[in-house]
Each structure stands twice: as structure tokens, then as C-alpha cells.
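Spelled out, the chains give:
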Amino acid sequence: MKKIGIIGAMAQEVERLKGEMEVFRTVSKASMEFWEGALCGTKAVVVQSGIGKVNAAICAQILCDLFEVTHIINTGVAGSLKNEIDIGDIVVSTDALHHDMDAQVLGVQIGEVPQAGCLAFPADPHLQQLAISCCKEVDAGHAVYQGRVVSGDQFISDRRVKDNIVSNFQGFCVEMEGAPIAQAAYLNHVPFVIIRAISDKADDSAKMDFPIFEKDAAARSASLVERMLPLI
Ligand code: ADE
């Protein structure tokens, strides 16, 4: 029986999902509230992880251990790393890596977790395809892209920092939770996908744009998740 773990970092990223869920129980663990129930006719656990990589990794591991989820979806907002990817557009992850991991001295590539066996953690192809096709149905006004999500414990709002990330990692968008969720899912052999709606351009305009566009972007990503659920 399928059970989908759905992680959003901020309240805006999960509130719509919680509101529409038929809740069976709520469980408090690691200062996070896990809402277990049925969403769009599918068994699901919705949780707000809090912001940043450590929160996200803890959250994903709890979903695996305590709730035995069969799939993980990370929904939320992100900064664009490509000129053509605009505010409101959607990025569906092909894979995810940590842009703030640098253990090159140990003989690995920049971004690579030593001994992980891969540079970027690959997202599930079926979940990617579902997300892309649902997005094309639901979101006529915005483009959907499929590419690498890069994560770090940094809100990127400086053109030079952004350029550095772009040249090192070929990412499509930057955020603060996707890679640790991907890593936890990979280690637990649970298929995952990251879906992010663009709230800003991760440059000097991000401070202004993020508060303006974040709410709509978060809702757009969540509505896409709802569409996917019955089809997984
Ligand atoms: N989430 C949304 N925008 C972001 C940015 N510019 N940097 C990191 N995380 C983000």
C-alpha cells in the first residue's frame, strides 16, 4: 500500500495540503508535527520540516522510520539559477546535491558527499514524469523545467554567490532542503522527487522578490502535488 511523505519547509508550503487532508492522527517528533491521513484519496503524511538542511534530513528520516512512507515529495519555493527560468515557473528535480559541501581535499568532486557513491542523488523517473505531465495540465501560464536542484544552508541573494554556484553545479534552482531529503531518501531506498516553484532569482533582487512571490509560488507547487497523488 502506498503512503506518500510530503515535506515543506515553511508553513505556506504545507498549509493548503493540511487544510485539504482527512486527518487520521497527528504525531509530534523532533519538534515537528506529522499529519497522517488521506489526501486526494491517497494515504499521505504531511509535515513542515522547518528551514535548512539538518531539519530536512531529520524530517525525511522520521518519515522513513516511523511512518514507513513508500515515496517522498518535497514541495516548496526556490531561487532560479537560469535566466530563462522565471518567477512562478516550476522546477522538477532530476537530481539534487549540496552546493555547500566541499571535501575536494579527500579526493571527491565539489558538492560530493564522501563515500556516498554519487555526486547528486537521482530523483525517481516515474515521479518526475508524473510531476511534469500534471504540471502541463494544471499550470498553463507558467513553464515547467526538469533539472538539478542544489541546496545549502544559505539564502542566496548575491549575484556573485549565485554565479559561483551556477558555474560549479549546473543547477536549475537553489533552495535549502532538497538535497538532504534526496540523500535520506537515497540511503533508505525510497523514491523521491523535489518540486519547486520559483519565488526569486537568487541574486540581488531576491530580498525584494521573495516576500512578494513566495506565497503564490508555494501554493502552486502544493497544488501540483495534489494533482500527482492519485496517480502515483
Ligand atoms: N528559497 C527560495 N529562494 C531561495 C534562495 N534565493 N536561496 C535559497 N533558498 C531559497
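Relative to the helices and strands, His71 resides in strand β5 (residues 71-80). Filtering out sequence-adjacent residues up to four positions away, His71 remains in contact with Lys2, Lys3, Ile4, Gly5, Leu127, Val190, Pro191 and Ile232.

Counting 69 residues, the largest nonpolar core has Ile6, Phe34, Ile72, Ile195 and Met228 as its most contacted members. Considering each element in turn, this core owes the most residues, seven residues, to helix α6 (residues 206-228). Aside from chain neighbours lying at most four places away, what touches Ile195 is Ile73, Asn74, Thr75, Gly76, Ile90, Val91, Ala131, Ser221, Leu224, Val225 and Met228. Leu81, Ile156, Ile165 and Ala202 belong to the second-largest nonpolar core, a separate cluster that totals nine residues.

Time to look at the pairing of strand β10 (residues 192-200). Both faces of the sheet carry side chains from a regular strand, because those side chains alternate between them. The element β10 is extensively covered by neighbouring structure, given that nine of its nine residues are classed as buried. Pairing between β5 and β10: eight bridges, direction parallel. Looking across to β10, one finds that Ala78 is bridged to Ile198.

We now examine the environment of Val193. Structurally, Val193 is set in strand β10. Residues Val193 and Asp209, spaced 16 residues apart in sequence, show a C-alpha to C-alpha distance of 26 Å. When neighbours within four sequence positions are excluded, Val193 is seen to be in contact with Ile72, Ile73, Asn74, Val92, Ser93, Ala123, Leu127, Gln128 and Met228.

Turning our attention to the packing of helix α2 (residues 53-65) against helix α5 (residues 178-187). Two numbers describe a pair of packed helices, the interaxial angle and the distance between the axes. Two numbers describe how α2 lies on α5: the axes approach to 8 Å, and their chain directions differ by 30°. When the interaxial angle is binned, α2 and α5 end up roughly parallel. The handedness of the crossing between α2 and α5 comes out as right-handed. Listed contacts from α5 to Lys53, Ala56, Ala57 and Ala60 of α2 are Pro180, Ile181 and Ala184. For the contact of α2 with α5, the per-class residue count stands at six nonpolar, no polar and one charged.

Now for the site of the ligand. Taken together, the neighbourhood of the ligand is formed by 13 residues, with Gly79, Phe155, Ile156, Glu175 and Asp200 sitting nearest. The backbone of Gly79 places a nitrogen or oxygen atom 3.3 Å from a nitrogen atom of the ligand. Between Ile156 and the ligand, the recorded distance is 2.9 Å, taken from a backbone N or O atom to a nitrogen atom. Protein chains bury 96% of the 260 Å² of accessible surface belonging to the ligand in isolation. Broken down by secondary-structure element, the contributors of at least two residues to the shell around the ligand are β5, β9 (173-175) and β10. A per-element tally of the shell around the ligand places β5 first, with three residues. When its residues are assigned to classes, the shell around the ligand shows eight nonpolar, three polar and two charged.

What counts and what doesn't
Residues numbered from 1 in each chain as written. Predicted model: local features only at pLDDT ≥ 70, side-chain atom pairs only at ≥ 80, totals over all residues. Heavy atoms only, no water. Helix = DSSP H or I, 4+ residues; strand = E, 2+ residues; numbered from the N terminus. Contact = heavy atoms within 4.5 Å. Core = buried A, V, L, I, M, F, W, Y, C linked by side-chain atoms within 4.5 Å. Buried < 20%, exposed > 50% of the residue type's maximum accessible area, 1.4 Å probe, protein only. Pairing = 2+ DSSP bridges. Axes fitted to C-alpha atoms, helices over the stretch in contact; angles between N-to-C directions. Parallel < 35°, antiparallel > 145°, perpendicular 65-115°, else oblique. Left-handed = near helix turned anticlockwise from the far one by under 90°. Nonpolar A, V, L, I, M, F, W, Y, C, P; charged D, E, K, R; others polar. Near = heavy atom within 4 Å. Polar contact = N/O pair within 3.5 Å; in protein donor to acceptor, adjacent residues only side chain to side chain. Areas by Shrake-Rupley, 256 points an atom, 1.4 Å probe, with all protein chains shown as cover.

These values are about where atoms sit, not about what they do.
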